[in-house]
Each structure stands twice: as structure tokens, then as C-alpha cells.
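Inside the fold
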4 protein chains.
Amino acid sequence: MSATRYTYLGPAGTFTEAALRTLPEAGTRELVPLASVPAVLDAVRAGEAAGAFVPVENSVEGAVTATSDELATGKPLMIYREVLLPIAFALLVRPGTELTDIKTVTSHPVAQPQVRRWLAANLPDARWESAASNADGARLVQEGRHDGAFAGAFAAPIYGLDVLVDDIHDAENATTRFVLVGRPGRVSSPTGADKTSMVVWLPDDHPGALLELLQEFAVRGVNLMRIESRPTGEGLGNYCFLIDCEGHLSERRVSEALMGLKRICPQVRFLGSYPRADHSTPTPQRPGTRDEDFSTASDWLSRCLDGRGEL
Amino acid sequence: MSATRYTYLGPAGTFTEAALRTLPEAGTRELVPLASVPAVLDAVRAGEAAGAFVPVENSVEGAVTATSDELATGKPLMIYREVLLPIAFALLVRPGTELTDIKTVTSHPVAQPQVRRWLAANLPDARWESAASNADGARLVQEGRHDGAFAGAFAAPIYGLDVLVDDIHDAENATTRFVLVGRPGRVSSPTGADKTSMVVWLPDDHPGALLELLQEFAVRGVNLMRIESRPTGEGLGNYCFLIDCEGHLSERRVSEALMGLKRICPQVRFLGSYPRADHSTPTPQRPGTRDEDFSTASDWLSRCLDGRGEL
Amino acid sequence: MSATRYTYLGPAGTFTEAALRTLPEAGTRELVPLASVPAVLDAVRAGEAAGAFVPVENSVEGAVTATSDELATGKPLMIYREVLLPIAFALLVRPGTELTDIKTVTSHPVAQPQVRRWLAANLPDARWESAASNADGARLVQEGRHDGAFAGAFAAPIYGLDVLVDDIHDAENATTRFVLVGRPGRVSSPTGADKTSMVVWLPDDHPGALLELLQEFAVRGVNLMRIESRPTGEGLGNYCFLIDCEGHLSERRVSEALMGLKRICPQVRFLGSYPRADHSTPTPQRPGTRDEDFSTASDWLSRCLDGRGEL
Amino acid sequence: MSATRYTYLGPAGTFTEAALRTLPEAGTRELVPLASVPAVLDAVRAGEAAGAFVPVENSVEGAVTATSDELATGKPLMIYREVLLPIAFALLVRPGTELTDIKTVTSHPVAQPQVRRWLAANLPDARWESAASNADGARLVQEGRHDGAFAGAFAAPIYGLDVLVDDIHDAENATTRFVLVGRPGRVSSPTGADKTSMVVWLPDDHPGALLELLQEFAVRGVNLMRIESRPTGEGLGNYCFLIDCEGHLSERRVSEALMGLKRICPQVRFLGSYPRADHSTPTPQRPGTRDEDFSTASDWLSRCLDGRGEL
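Residues numbered from 1 in each chain as written. Chains lettered and ligands numbered in written order. Predicted model: local features only at pLDDT ≥ 70, side-chain atom pairs only at ≥ 80, totals over all residues. Heavy atoms only, no water.

Just so we agree on the cut-off: UniProt positions are given in the numbering used here, feature names are shortened, and annotations may be inferred rather than shown by experiment.
Per an unreviewed UniProt entry, chain A goes by the name Prephenate dehydratase and belongs to Kitasatospora cystarginea. Regarding chain A, the relevant UniProt record gives this comment under Catalytic activity (unreviewed entry): "prephenate + H(+) = 3-phenylpyruvate + CO2 + H2O".

In C-alpha cells form, the structure reads like this:
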């Protein structure tokens, strides 16, 4: 039954599954791996699943553009949750393999830049062969087609492999961000540490439009957390922007900024307001931008219209 | 009875009275000249008059600071109407006086820079003596104490004088702006070509505060028509700003801008929304800033909160 | 001989003279009081004096518009020094006069708002009569035409009067700012705590021009200290702005901002860079806006043109 | 010999080679295909080639992040030329194959979204199998492993294939942008229609930094053509920006903007100024931003320092 089913970008045994399993409700859901981001999301669009779990960006590799493009221009979906997963690779081998036995290593191409320095230092002569996913790389090692696979340590038991080396990551703080996506629905209540995602198309032929867009946020004291440009498909030089900002749509500073965008941009797609997964404290709000400041100003305005602004 | 009484900056026979008489209702009001801007306004504050008519600024001399300061920091009043009066002086003389007879001329000090070039060309040897008002200058000529007075031609019959030369004005388009002020009350309906006046105090010790203030207008496409700085009385370097902008408080672009100011500034005083007296067409509104754009955005936002933003 | 002569706004015995005498060189100059700001400045323009000393603004009354207009649109002059003088009035009387004897008081009209509350509390029944200057008020008391004059205590001996009450000032920190003006010449060296004055005309028919003007300062981290609008004389709604900013024209942040104004505005008049008279520490400079930051960036740019930007 | 060698992202027969061959000098160069963007660029870094030709962005797929990251954080290189190539696919088959014979099609994964709608309409049952490149797909068809390959029509003769259908492209105006990259060197002369590329790192923990960055361009009237965010590798939420703007580094508006960035950002990498490959007219320059406006302002400033600003 779809209400208890979550699809995710498979196969099983990848970091995506590991991230998904950090969600409390994952234990009571049927978790279904699918082969591509569009497939994962289409299952939700078609009503075959209640949620879809996909990677959004990686601190080393950047945006997962398949996710960006589906969210920006595919049939509308909304983000309800985000998960941050620190990424560290294990080198998985068949039992008995030693470091000196390793002639070929494999993993998803995205893993390569994250282990390049470790390889240069520890296996300078090993040949890299890309696999379709980290888990698929593990399977290829299981089948004897490669000697070592970079994957999450959690993939080892699935494929009957051993963890020869753990915690490999060239970059400190390598993290992947995932989102739980569903059909559009009521935005859940603010938690006090939320973020809001949207896609914004700029007005045509209007130099300075990006600056005006950012000023809609700035004038209301809303900090941007991320901005990603994507082509609109209408020829080079035409971009839309996926934007994450601090705050929740039910906060006045955020809603007024979004209405500002809606007024000046040809198209704005709201992608959701949801709890921030980082545990850093949100930037302190600029004075005058809390909801009570908006209420006070609104009350004052009503009084002004009646000639009682000074009371 | 106060409901039919308007006070104005006297004495009778000045440009202020002439401007006041351009208001349709002036014919049915008791018009009372008083000696100073504070006196004129205090009569309204005390309930002794329904309206007070005072000059605000002159295109040659600038702001009438007594009016600015009363409106900014006196007991609250509101502006309900503005009048623009082209200023051209007549040279008033006792019957029989010729140009060559004129040894001394007089008028209010404000008149002097507006007739200086005419004097240099036509009466280079005449001595200037300041009077308390243009009308008072006419009286002094009537009494024989000076030979010529610069005043409105309308003052001639009042003082038994002749208009020797008419339409004297060094600057083209010399104009004085007057306002009709009343006790705070309900803002009248927008006419489609309105302006809104306010006083804004900047946050302390915040370089860039003036820029932020102007951005509250700019981001909503509201054009400024005038900005005047006045000392707050709390020491050099502390200013408040009297601002006139296009539009009416009941327009969303204007009300949102004012609420923005209210949120970031320690004090904002709304001085009124009233019809523009110039007959120039208002600057076309920037796309996305009309009331229907605000409504559309607001409807969209409500739908977003329900997950129906894309409908 | 003109090189040792300074003119100032007279008569003798006013705050202007007192302020002028705080300048170290005043002791070796011939100090000549003249009757009006234009007269004081014209003496310098004509080469009859080396310096002219005039009030610019008062923390209670605001700008001295005669000075503003002369500096903005008169034959060019430059500011070389500023003086701040705390304003406190003494009540001067003929020897033997007691408070209860005082029926009429006098002074320059500008003094009235600064002593109004004191009068209400101490001499509620005294009648106010304006004089042409504070010193002139003292003279009228000396002649027996009024009973008390508000003036600087330093005026008492000049007119044979006694100081009946000292240190009268309704507003705390009432201060007048004066400038020493000369014919245009080489800007003196920066002292580390300077200010720069200018007059800027906005481009025609360009809503948002004032905002763009302020951004030329903001983007280079230059704080404004004062902005005063004055009519251009070309009809209501046309203003120029007298601006004081932090810093010296020889600092790169300031010179680049002024060149930016020069490029976008139809007219900019530089009025001088000179030491700040307040003893408050200048606002700390924003990182990246010191002269060495400009030099570093300029060196980098030269290297970029040669393909050595990364060295 | 390296001076006549250009490397490019291979294999031969791809759009990259076709784009490279549009450069006039390509006919006299040894063109060497290499397997990856890093390999292509490293050959230039090592002095083994004079130029490297790589894709930068595609109007459907967006940025080629391997190129972005190499240019942003690899050993410094500079861009000397750009090429825009309209992308239209041919369906290549073995001679004799008809549309109804096609069971499997192949190409580089990037091609898939660009032919998806064509496939759905014309070969709804064909199975897609990704290949390492478009040219590699053609080779797989030659070898009989797939029935049709989407590639440039120019690849047909190389692999002994026929063009069954030409000019397939879901999106109108699908275009790929390529750059010719070399070791850092002197920037070539402006042509009047140039662009400038750079990478900018934002100051830490500074909400609003992106806005300030854009204002450095806006205040000098420099239009942005593209902005791409890339992770810095220092954890989620840390981005650098690859920016293309109108104009040439030798233009004052551009150089002043870049120096502004250099002053406020912890790191700026200049990537080159080079002729625009699009034939659209550059946006007209904002008044006051041409080189002669900068010269005029600079001359005026020198005169101001000497007291001759008004001459």
C-alpha cells in the first residue's frame, strides 16, 4: 500500500539508503530502491509511494542536477524533510584480500574525487573502473570482477565483503544532503529552525534581475543558504535559480519575500518549508524581522488609516 | 464655530492666502490669518479650527523649516490637501509713483533672492529693507515708509496701491507648495494620483541606515518625490527625514514600504496620503507593484501553504 | 592686507565670532564682521580676505540655508576647517535688573526655540521680540529698548551688560557647526580623521537615482555623516544634495566613490576634505576599504592582465 | 611539438571535436583527444599542449562541473576563446537498418534528455543503453552491439554508419558552450564584444555577501551573463561562484568591479577576458560606465585635489 511505501535512489546498500534509515519513520515503511531519480520521484507522483528519498547535493561534488531539474520543472512535488549524512568510504574486499593484492578498484564516479588522494598515497598503481553505484561496485567485487570497492561500510555484509580500510575521505566534512519528497500538501508547522526552498525564474532581458531577486530577501532580513543556477532549456544564458533560505513560509519575513519574488518574477515554484537538519544555530534574526515586528507594523498601519498612528 | 474655520499663515494679502483661496471649500470657510506657523497649527490642535493652511516648501528657498519641525515633532497632525502656487511678484507702489522715484524696496526676506536679478537690472540703486511679510511690506509702502513692495498683485487693492510692474520672478517655475493640515483622522480615498508623507527617524549608530530606508521603497517600486533632513535636537549628526513618496497608504506597495520602515526604524510618523496637486502624470508603476499583483501573490502564498501553489 | 584677513558673519559678539576665535590662527588675523553670508563669502571670492567663517548648521535649527546655497551654486569656494561650538545662552541685562523686572526679551529668531522652555518656566509673561542677531539684541538692551537679551556670555562686556543667568539651553548638546571657507586650492593632507563635503545633482527623471548615489558610497564602505536637500531653483521636485562623508579625498575609498558620482550625476561639486572637529573616533573602516586594500587589488589587477593573477 | 598541439575531450567524432574544428587555427594544429577533462587540461598545465578544448555548459544539461572545478581549484589556467555549437543529434545506424528494426539505442547519458521526446514519439519501445560518449555509442552500433546511436551527423563516416534521421533535438536552441584554455598569459586585446570569467569565494559567515558581490558589478553597470555555484569542498553551505560578466578586463568598469571583489572577498581567480561567441549585440552600456567616463572622472578628481575641480 502506497501510504507506507517510500521509494529511494537505489540500489540497496548505498549512502542514500543509510541516510533514509536515519529517519524515525523509516522503520515502519516499505523502502523500495529504484534505479533513477526520475523513477523514484515518478512513483510518488503516480501515487505508488508516499515519499521519495533522493540526494540533493554533496559538499564535494555539488548539486545532483537530476534532482534539481525534476524539482524545478517536473510535475510539482514538495520537500518535507532533509537529512545530512557525513560521507566516509570503506574499502570493501573479498575476505582474505590484502592491500597489496588490489589491482583494480571501483565505485560510482562521484566517489572518485573523494578518495583520489587516499588512492595516490596508498594504492598508487590501482586502476579505477567506474561502477553504476557504490553498491554495484561492491557487487562487482563480490563477483570477482574487481578487487576493491569504495562504499559505505554498511554495504559489506550485504555483499559478503570485509571492510579492509574504514573512514576514507579526502575532504574533511564531506557530507551529502538528501530530501524526503512527497506530493504537494499542507506545509508542516514551523519548528523555530527551518529552511524554505523554491525555484525562481528571472524576468527576461533585465540586467540586474538577480540582484533585485536577492534584495527581496535582504530587505526582509532573510539569509540565503544556497543558490544553484540551472538552465531553463530555452537556450544558453537562460537560467532559473533553486534557492534555499532560512526560515519557514509561515514566518512573515519569509512569506513577504516570496510574495515579492512572485510579483517580480515570471514564475516562482515553492518547494517546501521543513526543519533544518544541521544542528548549527540559525543566524540571529535581524531586528525588525520577527513575526511580532510584522504584527506591530501591521497594527500601526491600520491605525494610520484611521488617523490613530500616533497612539 | 471651529468646523467652518481655517487658520492660515497671515497676514492677509500674502501668497498663502491666495493659495488657500484656490481650494473650492475656501469660499464657505471663515479664513483666519495668524502670525506664525506654530500659532496656525496650534489652533487646529486646540480644536479652534478645522484646518490649518501653511507653506511647506518653495522651489527657490527650500523647506519652510517651521512647518517641517511642527509636523515632525509637534503634537500630531495630518496633511489632507496640497496646493501649488506659481510665485510671481508685483512691484506695488503708491498711486503716482514711477520707477525712477523708487529709492527703497521691501518685502519678506524670502522674496529677495527671487527678485534680485530683476532689481539689479531695473533698480540697481534701490535699497532693500526686509519686512515681516510681503503684505506687511505693502502696508509699509502704504504708510510711506518705503517706496515699493514686492508682493502678490492681489495685495494691491487691500493696501490702496498700484501694480507698477507685474510678473517679476528671477527663476522660471518658481512655485510654493502649501498644505492643508487637520487633526489626525481617517485617510481619504485614493484618487489614482496621490502622494504620501511621513517622518522617519534612523536607527542609531548604523552606517548605511539611510540606504536601507530607501531600499524599503525601492524594492516595492515606490518612487520618492522629496526627502528633507531635519535635526532631531539630540546633537549634531542626528537627523530625521521628512519624506514624500508617490502613491496612497491604501495601496499595497506603499503600505508594505511603510510597514518596512516601521519595523526597522525607531520611529515613523505617518503624515497623510492626499491628492497630488501637480498635473503631471505619475511615473508609470513598475510591473509587479500594483495592488492586483499583491493580491495575486497573496492568493498564491495561501495556496502554497496548502500545497496548491502550482494550481 | 587680504592674506591676513578673515571675514565672518557679524556682528561682533555673536557665537560665530566666539567659534572663529577657537581657531589657533585667529589671534594673528584681522577679523572682519560682515552683515550677511553672501557678503562674508564674496569678500573671499573677490580676494579681499583669505578666509570666510560662516555657520553651516545648528543641531536644533538645522541647516543655514544661505550658506548651503552659496556653497552649492555660488562662485566656487572650498571648506578648509570646521568648528563645533556648544550653544548655551546667557540672559544679559543692564546692571541692576532683576528677573522680576523683565517684561520683554530679545534675540535672533533662531535663539527662540532654544530658550522657549526656559522662558515658559522662568519668565512666562515676558514678551519676545526678535532682533537681527544675538549681538544686536544685546545692543537693544543696552539702549533700554528691551529688558533682557539671550546671547553668548562673551557679549556682556561688549555691551556693558551683566550676565543674569548663564548656560540656558532647552536642548542638551545644542551645537552649531561653522566652517572656514577659502578660494579653491590644494586639499590639505589627511589627518586620519577627516570628512569630505560635496554637492551632487541627481540625473533627471530617474526614480531611484538617490539610492544609486548612496550605493556609490556604500559599496566602497564610506559612511555618510550628513545629507541635506536643497532646491535647484528649477521648479518643485528638483533637488541637489549637500553631502558630508567620512574620509579624505586622498583616500581611495573616498576618491573612487566621488568618481562614481561624477560618472552618473550631471554635476558634482567638491567642497573640500578637512579635519573632523568632533573628537569621536571615526567608525572603524569596513574590511577591504583601506588604501592598502585598494593597492593590493590594483597590483593584482595588473598581474591579471599579464596572466600572473595567481602569483 | 606542444606549441602546435591542442588537446580536447575525446573521443574523436564528438560534438567537442566538431566545435573545436570551427576555430580557424584548428586546421594547423595537431588535435589530440583525451579521455577526461582533467587529462585534457593537465596536458596544457604540463606544457605538452598549447591549448585545451573542453565543454563548459550545455543549455539543457547545465554546467560541466568537471570543467568548473578544474578551472576554479586546479592549477591556474586561463580561457582565451569560447565556441557555441548548436546541438542536434543524428540517429546513426548500420547501412540497411530501418526505423522498425531498432530495438536498442545508445549515446552519452547527457544526450538522453535531449532526444527523449523524439524517442517517445518515434521509437517508444526502443531500450536506452548509456555509452561512454556519443562517439563510443556509434562504435557500439558499428560493432553490432546496439541498433542506433545518437551522435553528431559528422560521426557517421568515421564509424561507417548511415544517418537515418537528422536534426533531432527536443529543445529548441540546444547549444553547448566550449572554451579554449591555455596556460595563464597576457590577456588579448578587447574586441568591443567581450566577456570576462572569474571565480569568487564569499567571505565567511556573512549573510548578504552574495548581494554585496553582485553590487560590485551593478554599481559599475556591468551585467552578469552567468553565475554558477560550486561547493568549496569545506562542507555543505560553503560555495564559490563562477561568474561570467559582460566586458573586458581592460575596460575600467570591469577592472574596477574585479578590484572591488578582490578587496571584499577572501579569494578571486581571474579566468580570462575573451571575445563573445554569440552574435547578439551586447546590452548597451549604462551611461557613465564607458572608459571615457572613467577618464573624465579621474581627470576631475586630480583637479579637485588641486582645487581646480570646477574648471
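**Brief notes about the overall build of chain A**
This is how it is decided: Only runs of H or I of at least four residues qualify as helices and only runs of E of at least two qualify as strands under DSSP, and these elements are numbered from the N terminus. Note on exposure labels: buried denotes an accessible area under 20% of the residue type's maximum, exposed denotes more than 50%, and partly exposed covers the range between, all computed with a 1.4 Å probe on protein chains only. Whether two residues touch is decided by their heavy atoms; if any such pair falls within 4.5 Å, the residues are in contact. All accessibility values rest on the Shrake-Rupley procedure with a 1.4 Å probe; residue burial counts only the protein chains present in the view. Under the convention used here, Asp and Glu are negative, Lys and Arg are positive, and both His and the chain ends fall outside the count. In plain terms, the charge of a residue is placed at NZ if it is Lys, CZ if Arg, CG if Asp and CD if Glu.
Looking only at helices and strands, chain A has 8 helices and 15 strands in total. Dimensions of chain A, computed from the C-alpha atoms along their principal axes, are close to 85 × 45 × 40 Å. Looking at chain A as a whole, 56% of its 311 residues are labelled buried. Contacts in chain A between residues at least 24 apart in sequence constitute 76% of all its contacts with a sequence separation of at least 6. Surface exposure of chain A reaches about 12,200 Å², of which carbon and sulfur atoms provide 51%. Positive and negative side-chain charges in chain A, numbering 30 and 40 respectively, have mean positions lying 4 Å apart.

**Notes on the domain arrangement of chain A**
All names here are of chain A. To be explicit about the condition: Start and end points for every domain follow an automatic or database-based domain assignment. Two parts lose some accessible area (1.4 Å probe) when they are put together, and adding that loss for both gives the buried area. The salt bridge definition used is simple: a Lys or Arg side-chain nitrogen within 4 Å of an Asp or Glu carboxyl oxygen. N or O atoms closer than or at 3.5 Å make up a polar contact, with two conditions inside protein: a donor-capable atom paired with an acceptor-capable one, and, for residues adjacent in sequence, both atoms drawn from side chains.
Per the domain assignment, the segments of chain A are domain 1 (1-86 + 171-185), domain 2 (89-168) and domain 3 (186-311). The C-alpha-based centres of domain 1 and domain 3 are spaced at 25 Å. If you look at the interface, domain 1 gives 23 residues, while domain 3 gives 21 residues. Both sides together, the interface formed by domain 1 and domain 3 hides about 1,700 Å², and carbon and sulfur atoms give 53% of it. Looking only at domain 1, the three residues that lose the most surface to domain 3 are Ala72, Ile79 and Glu82, adding up to 30% of its buried area. Across the pair Lys195 and Glu82 runs a salt bridge whose closest N-O atoms are separated by 3.1 Å. At the boundary of domain 1 and domain 3, one finds 12 residue pairs in polar contact (both at pLDDT 80 or more). Among the secondary structure elements, those contributing two or more residues to the side of domain 1 that touches domain 3 are β3 (51-58), α3 (65-73) and β5 (78-86).

**A few points about the packing of helix α6 (residues 209-218) of chain A against helix α6 (residues 209-218) of chain D**
Keep this limit in mind: In this description, a line fitted to the C-alpha atoms serves as the axis of each element, helices being fitted only across the stretch in contact, and the angle between N-to-C directions of two axes falls anywhere from 0 to 180 degrees. Each helix crossing is assigned a hand: it is left-handed if the near helix lies turned anticlockwise from the far helix by less than a right angle, otherwise right-handed if that turn is clockwise.
The N-to-C vectors of α6(A) and α6(D) enclose an angle of 140°; their axes lie 10 Å apart at closest approach. Handedness of the α6(A)/α6(D) crossing: left-handed. Contacts between α6(A) and α6(D) involve Leu210(A), Leu211(A), Leu214(A), Gln215(A) and Ala218(A) on the former and, on the latter, Leu210(D), Leu211(D), Leu214(D), Gln215(D) and Ala218(D).

**Observations regarding the sheet that holds strand β8 (residues 127-130) of chain C**
All names here are of chain C. Rule in force here: Paired strands are those between which DSSP finds at least two bridges.
Sheet architecture is open: 5 strands sit in the order β8-β7-β9-β6-β10, paired in mixed fashion. In this open sheet, the two strands that pair with only one neighbour each are β8 and β10 (162-168). Averaged over all neighbouring strand pairs, the angle between strand axes comes to 25°, with direction disregarded. Sheet analysis places strand β7 (residues 104-107) next to strand β9 (residues 148-151), joined by 2 bridges and oriented parallel.

**A look at the interface of chain A and chain B**
On the side of chain B, 36 residues touch chain A, which itself brings 36 residues to the contact. Both sides together, the interface formed by chain A and chain B hides about 3,400 Å², and carbon and sulfur atoms give 63% of it. When the buried surface of chain A facing chain B is broken down by residue, Arg263(A), Trp300(A) and Glu310(A) rank first, second and third, together holding 22% of it. Summed over the shared surface of chain A and chain B, the number is 8 salt bridges. Across the pair Arg186(B) and Asp306(A) runs a salt bridge whose closest N-O atoms are separated by 2.3 Å. In this assembly, chain A and chain B are joined by 12 residue pairs in polar contact (both at pLDDT 80 or more).

**Quick word on unusual backbone geometry**
The omega angle of the peptide bond from Gly10(A) to Pro11(A) is 5°, so this bond is cis rather than trans. Its location among the elements puts Pro11(A) in the loop between β1 (5-9) and α1 (15-20). Located in the positive-phi region is Asp167(B), a residue other than glycine, with phi close to 60°. Tracing the backbone shows Asp167(B) in strand β10 (residues 162-168).

**Remarks on the pattern of salt bridges**
Oppositely charged side chains can pair when the atoms bearing their charge come close. With the rule as written, the count across this model stands at 120 salt bridges over all chains. For the salt bridge of Glu25(B) with Arg81(B), the shortest nitrogen-to-oxygen distance reads 2.9 Å. Here Glu25(B) is found in the loop between α1 (15-20) and β2 (30-34), whereas its partner Arg81(B) is found in strand β5 (residues 78-86), with 56 residues between them in sequence. The residue Arg94(D) makes a salt bridge to Asp147(D) at a minimum N-O spacing of 3.6 Å. With Arg94(D) in the loop between β6 (89-93) and β7 (104-107) and Asp147(D) in the loop between α5 (134-142) and β9 (148-151), the pair connects residues that are 53 residues apart, well separated along the chain. Residue classification places Arg94(D) among the partly exposed positions, given a relative accessible area of 26%. Linked through salt bridges whose partners overlap, the residues forming this network are Glu216(A), Arg220(A), Glu256(A), Arg263(A), Glu216(B), Arg220(B), Glu256(B) and Arg263(B).

**Observations regarding the sheet that holds strand β15 (residues 267-275) of chain B**
All names here are of chain B. Judged by pairing direction, the sheet is antiparallel, and its 4 strands sit side by side in the order β13-β14-β12-β15 without closing on themselves. In this open sheet, the two strands that pair with only one neighbour each are β13 (224-231) and β15. The average angle at which neighbouring strand axes cross in this sheet is 15°, direction not considered. Here strand β12 (residues 194-201) pairs with strand β14 (residues 239-246) via 7 bridges, running antiparallel. Note that in β14 the partner of Thr196 across the bridge is Cys245.

**Quick word on the UniProt feature "domain: Prephenate dehydratase" (unreviewed entry) in chain A**
UniProt records the feature "domain: Prephenate dehydratase" (unreviewed entry) at residues 5-183 of chain A, using the numbering of this structure. When the span residues 5-183 of chain A is considered, its composition is 25% helix and 34% strand, and the gap between its end C-alpha atoms is 13 Å.

**Remarks on the pairing of β12(B)**
All names here are of chain B. When you tally the buried positions in β12, you get 8 out of 8 residues, the bulk of the element. Of the two faces of β12, the one carrying Asp194, Thr196, Met198 and Val200 and the one carrying Lys195, Ser197, Val199 and Trp201 are both buried. Here β12 pairs with β15 via 8 bridges, running antiparallel. Considered in β15, the bridge of Ser197 is made with Gly272.

**Points about the relation of the copies chain A and chain B**
As a reminder, the rule being used: The least-squares superposition of copies is restricted to C-alpha atoms, and to residues with a pLDDT of at least 70 in both copies.
When chain A is fitted to chain B, the best match, at an RMSD of 0.0 Å, comes from turning it 180° and sliding it 0.0 Å along the axis. Viewed as a symmetry operation, the transformation between the two copies matches a two-fold axis. If distances are taken from each C-alpha of chain A to the rotation axis, the shortest is found for Val219(A), at 3.8 Å. Residue by residue, 100% of the interface of chain A is reproduced at the interface of chain B, so both copies engage with the same surface.

**Some thoughts on helix α7 (residues 252-264) of chain B**
All names here are of chain B. Let me state the cut-off plainly: Every helix has an expected span of 1.5 Å times one less than the residues it contains.
If you check α7, its first and last C-alpha atoms are 18 Å apart, about what 13 residues at 1.5 Å a residue would give, namely 18 Å. With 11 of 13 residues buried, α7 lies mostly within the body of the structure. Of the residues making up α7, those classed as buried are Arg253, Val254, Ser255, Glu256, Ala257, Leu258, Met259, Gly260, Leu261, Arg263 and Ile264.

**Regarding the side chain of Gln215(A)**
Inspection of the secondary structure puts Gln215(A) in helix α6. For Gln215(A), a relative accessible area of 15% translates into the label buried. Setting aside residues no more than four positions away along its own chain, Gln215(A) makes contact with Gln215(B), Val219(B), Gln215(C), Leu211(D) and Gln215(D).

**Some words on the relation of the copies chain D and chain C**
Least-squares fitting of chain D to chain C yields an RMSD of 0.1 Å, with the superposition described by an axial translation of 0.0 Å and a rotation of 180°. Comparing interface residues between copies, 100% of those in chain D also lie at the interface in chain C; the contact surface is shared.

**Considering the interface of chain D and chain C**
With 36 residues of chain D in contact, the opposing surface of chain C contributes 36 residues. Between chain D and chain C, roughly 3,300 Å² of surface is buried when both sides are summed, and carbon and sulfur atoms account for 63% of that area. Remark: the boundary between chain D and chain C carries 8 salt bridges. Close ionic contact of Glu256(C) with Arg220(D) constitutes a salt bridge, the shortest N to O distance being 2.7 Å. Looking at the side of chain D that touches chain C, the elements that each hand over two or more residues are α6, α7 (252-264), β15 (267-275) and α8 (291-305) of chain D. Sort the elements by how many residues they give to the side of chain D that touches chain C and α8(D) lands first, with 8 residues.

**Notes on the environment of Asp69(C)**
Residue and element names in this part refer to chain C. In this structure, Asp69 sits in helix α3 (residues 65-73). Judged by its relative accessible area of 23%, Asp69 is partly exposed. Each C-alpha atom of the pair Asp69 and Pro231 lies 9.0 Å from the other, and the pair is 162 residues apart in sequence. Setting aside residues up to four positions removed in sequence, Asp69 forms contacts with Gly74 and Arg230.

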